[in-house]
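Below are the chains, spelled out letter by letter.
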Amino acid sequence: MLRIQSSGIRHGGRTSFVTANSEKQASKAVVRSYGCQMNVYDSGKISNFLGSEGVSITTELGEADIVVLNTCHIREKAAEKIYSEIGTLGEWKQARRAAGGSPIVAIAGCVAQAEGAEILRRQSLVDVVVGPQSYQKLPDLIMQARAGRKLVEIDFATAEKFDRLDRAAHTPAPTRAAVSAFLTIQEGCDKFCTFCVVPYTRGEEVCRTPASVLAEAQRLVADGARELVLLGQNVNAYSSIEDDRDWNLADLVAALSDIGDLERIRYTTSHPRDMSPDLIAAHRDMPKLMPFLHLPAQSGSDRILRAMNRRHTADHYRRLIGRIREARADMAFSTDIIVGFPGETAADFEATCALVEEIGFSSAFTFKYSIRAGTPGAEADDQIEEPVKHERLLALQALVERRRRPINASAVGSVVPVLFEKRGRHPGQIVGRSPTFQSVFASGDAALIGRTCDVRLTSAGPNSFAGAIVAASER
Ligand code: SAH
Ligand code: SF4
Ligand code: F3S
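Calculation rules
- Residues numbered from 1 in each chain as written.
- Chains lettered and ligands numbered in written order.
- Predicted model: local features only at pLDDT ≥ 70, side-chain atom pairs only at ≥ 80, totals over all residues.
- Heavy atoms only, no water.
- Pairing = 2+ DSSP bridges.
- Helix = DSSP H or I, 4+ residues; strand = E, 2+ residues; numbered from the N terminus.
- Axes fitted to C-alpha atoms, helices over the stretch in contact; angles between N-to-C directions.
- Contact = heavy atoms within 4.5 Å.
- Polar contact = N/O pair within 3.5 Å; in protein donor to acceptor, adjacent residues only side chain to side chain.
- Near = heavy atom within 4 Å.
- Nonpolar A, V, L, I, M, F, W, Y, C, P; charged D, E, K, R; others polar.

Here's the deal with the sheet that holds strand S14 (residues 292–294)
Strand pairing within a sheet occurs via backbone hydrogen bonds; the two strands may be parallel or antiparallel.
Part 1 of the reasoning: On the basis of which strands lie adjacent, the open sheet formed by three strands has the order S14-S15-S16 and parallel pairing. The two strands at the open ends of the sheet, each matched to only one other strand, are S14 and strand S16 (363–368). Averaged over all pairs of adjacent strands, the angle between their axes in this sheet comes to 10°, without regard to strand direction.
Part 2 of the reasoning: As defined by bridge partners, strand S15 (residues 332–339) adjoins S16 across six bridges and the pair is classed as parallel. Pairing of Val 339 across the sheet is with Lys 368, part of S16.

In structure tokens, the structure reads:
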């Protein structure tokens, strides 16, 4: 998915990163992404920013002199993983130094934003800490770090970031865009669910202008993208004013639909409170908008939803799904659920199971509640014990699976349009997605990547389908 530059691009007018580099040779960077799709998108931009300063991107640690870890803070495990990952870079750093280089470790993303200078205190291997609003500064920060300084840049200036991102988006890149490309249209969150760090790590909701989104979309499609996945922590709250006109997400989808070679549009992640009638109607009226929605419910108990500050009830969620299904009968839904939120009783958990049973999700991401310092949930004195969380998680996962299996099985035998995105693991195999976001594997020529084919689904696995190509589209 990630669009990575395989060679650097120089631009004139100022001291180049390459020649400023003490090694007097082209720098190479490894950029690793953790967490959500927005981090994957941001890693592409980080690669662009570095690329425009002559740094090429590699996946081989042995040949890199810069490592950027784009981190996630959402659960304790995710955040702690980063520290063990940093620990493994000790040998690499030593080897590069021994070879006369000046290796740099930069920590980006939500752990960087949440922990700032604390990262430098905990891990002396780290040279640069840079939050999600400051990636445009990364080349400069790395240059300063090469002079022996340790730097922390976690200011919030989202508008400036978007402005720079727009420009980075226009940096020519030697590789083609992914067939299904991410495009951030909104960043940050004002919802303050009591379990969640995102409002603190990504700041308040900020939306890009329609003009800048459309320009990037056109460029991505010209570079080969056939599907765009519009990203935002609260993407369906998208709202912007341009030329005295109000734009919501449905308006944006309508404008994007006019891009001829763009076949499919998706968006993630949505909040149940922000599913507007316009957006629901868009699922009925706009054929390029795919019949799939990731709509986190978090719990099926109103008591817990209130404690989570979700601002919706289980019934509101049920009715909403009903209205969307009325608009488009073949809609598929996925969700996020947290078990073991403080105070969750057996009855609350049963209510969650009842919701999952009733809706029939095509997939569900299930999590044990993880205490996050600084969020209201961390202060609650009725935390749930680990064994209870564990037991509930297993029970919920079994239920999700039991509900999902017949849904998938009933699709076997049908013919669905699949947009092929990449080669599969086996020779001669290609893989793509159905309209409802299921992975479909088929035997086929790699030349079909980027094209939509009618595929008969022949069998259903736990997370994907096998299929046989019936006909390729004319494109
Ligand atoms: N609005 C964003 C949220 C990203 S977090 C989005 O909806 O994509 C993704 C999921 O992680 C959330 O929906 C929630 O289910 C889960 N999550 C967030 N904080 C958590 C925590 N403290 N413990 C366990 N799961 C959490
Ligand atoms: Fe977190 Fe809630 Fe905002 Fe999603 S809506 S990012 S879960 S605070
Ligand atoms: Fe993780 Fe930050 Fe995304 S905390 S889920 S990388 S917004």
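From this point, things continue past the structure.
Overview of the environment of Asn 248
Part 1 of the reasoning: Counting through the fold element by element, Asn 248 comes out in strand S12 (residues 245–248).
Part 2 of the reasoning: The sequence separation of Asn 248 and Leu 279 amounts to 31 residues, and the corresponding C-alpha distance is 8.4 Å.
Part 3 of the reasoning: Excluding residues that lie within four positions of it along the chain, Asn 248 makes contacts with Tyr 238 and Asp 278.
Part 4 of the reasoning: A distance of 3.1 Å separates a polar atom in the side chain of Asn 248 from the backbone nitrogen of Ala 250.
Part 5 of the reasoning: Within polar-contact distance, the side chain of Asn 248 engages the side chain of Asp 278 at 2.9 Å.

Looking at the site of ligand 2
Part 1 of the reasoning: Looking at ligand 2, the residues that line it are Cys 189, Lys 191, Phe 192, Cys 193, Phe 195, Cys 196, Val 198, Pro 199, His 271 and Arg 310.
Part 2 of the reasoning: Tallied by class, the residues present in the shell around ligand 2 amount to seven nonpolar, one polar and two charged.

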